[in-house]
Amino acid sequence: MYLVDYTISQLHSLIGDWARTNAYADFLLSGVCSGKTVVDCGAGSGVCTYLALRGGARRVIACDISSEICDYLESVFEHDYRVSVCQLDLCNEQIPEGDLYIHELIGNALYGEGINEIFANMRSQGIGNIYPRYARVTNGYVTSGKPKPSDNMDYMLRSEVIDFIQYNEHYEWSNCLIHDWPDLDWNFALPENNPWLWLLDLRQPVPDRVKDQLHPGDVIWEVGFDNQFKNSYTNVNPECNNWNTRTPYIEFIKCCNFN
Ligand SMILES: C[S@@+](CC[C@H](N)C(=O)[O-])C[C@H]1O[C@@H](n2cnc3c(N)ncnc32)[C@H](O)[C@@H]1O
C-alpha cells in the first residue's frame, strides 16, 4: 500500500483549504456528534477531533498510522480527557469501536492513501457509520495558479494566524494536483456533457471497471457527506489556499504546541 507520509506542517496546511475544512466543520458541528464516541480515522492535524469535540462528542478516538503524528496528537490533546490517541494501520488492524467514524483520507489521487483497503477493513468489521461516504469521480487533471491569499486582512493580521504561518515555513498548497506552480493557470478538464463519470458509495468495493479507468494522479473527485453532495469538497477548488475557514480555527491553533 502506498502511504502518504505527512509532516505536521503539511497537515496544518490542509486546514487552510477552506472548502475542505468547512465541509468537515459543517458536518461535525451539525449535532451529529452530540453525546457520541467519534473515531477520527487518520486524525492528522487533529482538526476533525477538535471539531467533533466542539460538536458535542462525548469521546474521540484519534487514530493515525504515524507514531510521530500520534505523539503530536497526544501533546495537542493532553489536557482533554475526552480524547484518546491510537496508533494503528486502518488498512489491516482492528479499528476501535465508536458510534460515528470520520475520515479525511481521500488524498489528491483518490487512491493514494489506501482508501479501498481502509474501507474494506471497515466492511469486514461491520463499520458502516462512516463519513464522508460518497464520491463522484472522473478522469481529468487539475493544475493551479498562484496561491490565492485571503483578502480578509483582519483575519490575517490576528497574531495567532501570523504565528501559524511562521511556524508553517514549508507551507504547501493542499488538495491540488500541482507539480510546477506558480506559473500555470487553473485548468480544470472535464469530459463534455457528462462531467462526473461515476458516483461511488465508498463503503462498497470500487468496481473494477472504475478502477481500471482511473489513473492515480489524473483524477478529479468530489467527496460528499450526503449523496446529493450538498455538503462536499473537491480537489478542484481554485481558492483553496485561503485562510477564511469558517471553523473555530484560531482556537484550535491555540491548542497546538508550536514550540
Ligand atoms: C489527509 S491526512 C489528514 C487528515 C486529517 N483529518 C487532517 O485534517 O489533518 C490523512 C492522515 O491519515 C493518516 N493515514 C494514512 N493512511 C493511514 C492508515 N492506513 N492507517 C491510519 N492512518 C493513516 C496519515 O498519517 C495522515 O495523518
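Residues numbered from 1 in each chain as written. Predicted model: local features only at pLDDT ≥ 70, side-chain atom pairs only at ≥ 80, totals over all residues. Heavy atoms only, no water.

Student: Explain the nonpolar core to me, using residue names and the numbers behind them.
Tutor: Tyr24, Leu28, Val38, Leu73, Phe77, Phe225 and Phe252 are the most contacted members of the largest nonpolar core, which totals 44 residues. Discounting residues that sit within four places of it in the chain, leucine 73 has contacts with Ala43, Gly44, Ser45, Gly46, Ala62, Asp64 and Val85. Of all hydrophobic cores here, the second largest spans 18 residues; its members include Leu90, Cys91, Ile95 and Met122. (Core = buried A, V, L, I, M, F, W, Y, C linked by side-chain atoms within 4.5 Å. Buried < 20%, exposed > 50% of the residue type's maximum accessible area, 1.4 Å probe, protein only. Contact = heavy atoms within 4.5 Å.)

Student: I'd like a description of the environment of leucine 200, backed by residues and values.
Tutor: Take leucine 200: it is sitting in strand β9 (residues 198-201). Spatially, the C-alpha atom of leucine 200 lies 9.4 Å from that of valine 210, the residues being 10 residues apart in sequence. If we skip the residues at most four places from it in the chain, leucine 200 touches Arg133, Tyr134, Ala135, Val137, Val206, Pro207 and Val210. (Helix = DSSP H or I, 4+ residues; strand = E, 2+ residues; numbered from the N terminus.)

Student: Can you tell me about the packing of aromatic side chains, naming the residues and giving the values?
Tutor: Each aromatic ring pair is specified by the distance between its two centres and by the angle formed by the two planes. In the structure shown here, the tally under the stated rule is five aromatic pairs. Measuring from centroid to centroid gives 5.3 Å for tyrosine 24 and tyrosine 233, while their planes differ by 50°, and the two rings are tilted. You can see tyrosine 24 sitting in helix α2 (residues 18-28) and its partner tyrosine 233 sitting in strand β11 (residues 232-234), a full 209 residues away along the chain. Tyrosine 24 sits in the buried class, given a relative accessible area of 1%. Through successive ring pairs, a cluster of aromatic residues spans Tyr24, Phe27, Tyr131, Trp221, Phe225 and Tyr233. In this structure, arginine 133 packs its charged tip against the face of tyrosine 131, placed 4.1 Å from the ring centre. Residue placement shows arginine 136 over the ring face of phenylalanine 229; its charged tip is 4.1 Å from the ring centre. (Phe/Tyr/Trp six-rings, centres within 6.5 Å; stacked < 30°, edge-to-face > 60°. Lys NZ or Arg CZ within 6 Å of the ring centre and 35° of its normal.)

Student: Break down the site of the ligand for me, citing the residues and quoting the values.
Tutor: Not every one of the 22 residues close to the ligand is listed here, only the nearest: Arg20, Ser45, Asp64, Asp89 and Leu90. In the model, a nitrogen atom of the ligand is placed 2.9 Å from a nitrogen or oxygen of the aspartate 89 side chain. One of the backbone nitrogen or oxygen atoms of leucine 90 is found 2.9 Å away from a nitrogen atom of the ligand. Class assignment of the residues belonging to the shell around the ligand gives a composition of 14 nonpolar, three polar and five charged. (Near = heavy atom within 4 Å. Polar contact = N/O pair within 3.5 Å; in protein donor to acceptor, adjacent residues only side chain to side chain. Nonpolar A, V, L, I, M, F, W, Y, C, P; charged D, E, K, R; others polar.)

Student: Describe in detail helix α4 (residues 67-76), supporting the description with residues and values.
Tutor: Taken together, the buried positions of α4 are Ile69, Cys70, Tyr72, Leu73 and Val76. The buried residues of α4 occupy one face: seen down the axis, they fall within an arc of 160°. Where α4 begins, one side-chain oxygen reaches toward the backbone nitrogen of glutamate 68, 3.3 Å away; that side chain belongs to serine 66. (Arc of directions from axis to C-beta.)

Student: Talk me through the pattern of salt bridges; I want residue IDs and the actual numbers.
Tutor: One side chain can pair with another of opposite charge once the charged atoms of both are near each other. What the rule picks out here adds up to four salt bridges. For the salt bridge of arginine 82 with aspartate 80, the shortest nitrogen-to-oxygen distance reads 2.7 Å. Given a relative accessible area of 16%, aspartate 80 falls into the buried group. (Salt bridge = Lys/Arg side-chain N within 4 Å of Asp/Glu carboxyl O.)

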